[in-house]
Amino acid sequence: MELLTFLLTSAPVLLFVTGVIAALGKSNLRIPESLSVTLNIYLLLAIGLKGGMGLAAVSLDELAAPLAVTLVLGMVLPLIAFGLGRLLKFSFHERIAMAATFGSVSLVTYVAATAQLERLGISYEPFMTTLVVVLEIPGLVVALLLYNQTRVLGITAAPSQSFTVIRDSMLSKSILLLIAGLVVGFVTPDTSALTPFFVDLFPGVLLLFLLSLGVKVGHQLKDVPAYGMKFLIVGTMFPLIGAVVGYFAAGLAGLSDGGTILLMTLAASGSYIAAPAMLQASVPEAEPSFYLTLALAVTFPFNLLVGIPFFITIVT
C-alpha cells in the first residue's frame, strides 16, 4: 500500500491526472499542438541517447538472449490480441486494429515506467531502449499479415506490403529518432556535453508531455461509452495478459527486476503513434476512433495508474 501511494502521488501521474481533469471539466487549459510535437521529439531523442550511452557499456553476449526473446514476444503479442478480439466478438477489422495496437508498444508508457523505477532507485539493463525499437516492428508486420491473410497463418500472402510496413516503420518519426539517439549515444566518446540538456532536463520535459497527454485523454474519454463494456474489458484485460507474457519472456531473457518490470510494461502497452500510422495507410476499413480511443483513453491510463504500480509491486 505504501508503494502504491508513493507511485500514485508521483509528479508524472499527478500531472497526467491534472490534464484529464482539465479536459473533463472544460477548463481553458490548452497545450499548443506544436509544443506537444516538440516535447515528443525531445523525449524520443533523449530516450535513444540514454539507451545508446548504456549500450556502449554492454557486450553482444549480454544482448543476444534479450534481443531474441523480444523478437519472439513481438510476434506473439498481436496474435494474442487478435485471439482476444475474436473471443469478445469484435469485427475482423477491429481485431486487426487490436493486433497492431497491442502488438506494437507505447514509448510514453515505457518512459513513465523508467521514471518510476529511477524514482524508486530500481536499476534496469542499459539496453532496454534497444528492446523498445525491436518490439515496435514485429507486431505491425504480423497485424498486416493477418489482414492480408498470408499463407504462413493459414491464408494467402502479400510480401511487398509487408516490406513496405517494415520500411515505413523504420522511417517513422518514433523509430528514426530512437535509432538516431541510440547511434549518437553509442558512438560519442564524451557525452558530458549532452547530459545537461538530454538527461538533466528529461524529468521536467516528461511532466509537461504527460500534462498535454492528460488533456488529450480527457477529450477522448467521451468516445468510450459508444463502444460498450467489452471495449473497456479488452483495454484493461490485454495489459494484464501481455504483462504475464512479458514476465515469462523476461525470465527467459535473464533480465533483472527492473528490466522485467519494463518488459512487462512494454508487453502491456498499446501503441497510439506507430500503429495508427500503419492502420490508416494499410487498413482503411478500421475506424481511427476505435484504436486511438482504445490505446489512448483506456489502456494508457490503466497502465499508468494501475498497471505500472502493480507490476512493480509483484516483481519487487
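Everything numeric in this text was worked out from a predicted model, so none of it was measured. (Residues numbered from 1 in each chain as written. Predicted model: local features only at pLDDT ≥ 70, side-chain atom pairs only at ≥ 80, totals over all residues. Heavy atoms only, no water.)

As for a nonpolar patch on the surface
Right, so step 1: A grouping of L240, L305, V306, F310 and I314 is seen on the molecular surface, where their side chains present a nonpolar patch of about 400 Å² in accessible area.
Right, so step 2: Sorting elements by how many residues they give to the nonpolar patch places helix α15 (residues 288-315) first, with four residues.
Right, so step 3: Tracing the sequence through the fold places F310 in helix α15.
Right, so step 4: Of the residues examined, F310 reaches a relative accessible area of 42% and is grouped as partly exposed. (Patch = residues over 30% accessible without salt bridge, like charges linked within 9 Å, V, L, I, M, F, W, Y side chains within 5 Å. Areas by Shrake-Rupley, 256 points an atom, 1.4 Å probe, with all protein chains shown as cover. Salt bridge = Lys/Arg side-chain N within 4 Å of Asp/Glu carboxyl O. Helix = DSSP H or I, 4+ residues; strand = E, 2+ residues; numbered from the N terminus. Buried < 20%, exposed > 50% of the residue type's maximum accessible area, 1.4 Å probe, protein only.)

A look at empty space enclosed by the protein
Think of a ball as big as a water molecule: rolled over the atoms, this probe shows where empty space is left.
Right, so step 1: Under the definition given, this model contains two cavities of 30 Å³ or more.
Right, so step 2: Its volume calculated, the second largest cavity comes out at about 40 Å³.
Right, so step 3: In terms of lining residues, the second largest cavity is bounded by N40, L43, L44, L107, V108, V111 and I273.
Right, so step 4: Elements with a contribution of two residues or more to the lining of the second largest cavity: α3 (33-55) and α6 (107-120).
Right, so step 5: Tallied by class, residues from the lining of the second largest cavity come to six nonpolar, one polar and no charged. (1 Å grid on protein atoms, 1.4 Å probe; cavity = no way out; pocket = protein on both sides within 12 Å on 5 of 7 lines; lining within 4 Å. Points joined across faces, edges and corners; volume = space filled by probe spheres on them. Nonpolar A, V, L, I, M, F, W, Y, C, P; charged D, E, K, R; others polar.)

What about the pattern of salt bridges?
Right, so step 1: For the structure on display, the rule yields one salt bridge.
Right, so step 2: The salt bridge involving K216 is made with E33; its shortest N-O contact spans 3.8 Å. A residue pair is termed long-range when its members are at least 10 positions apart, and K216 in helix α11 (residues 202-220) and E33 in helix α3 qualify at 183 residues.
Right, so step 3: On the basis of relative accessibility, which here comes to 33%, the residue K216 falls in the partly exposed class.

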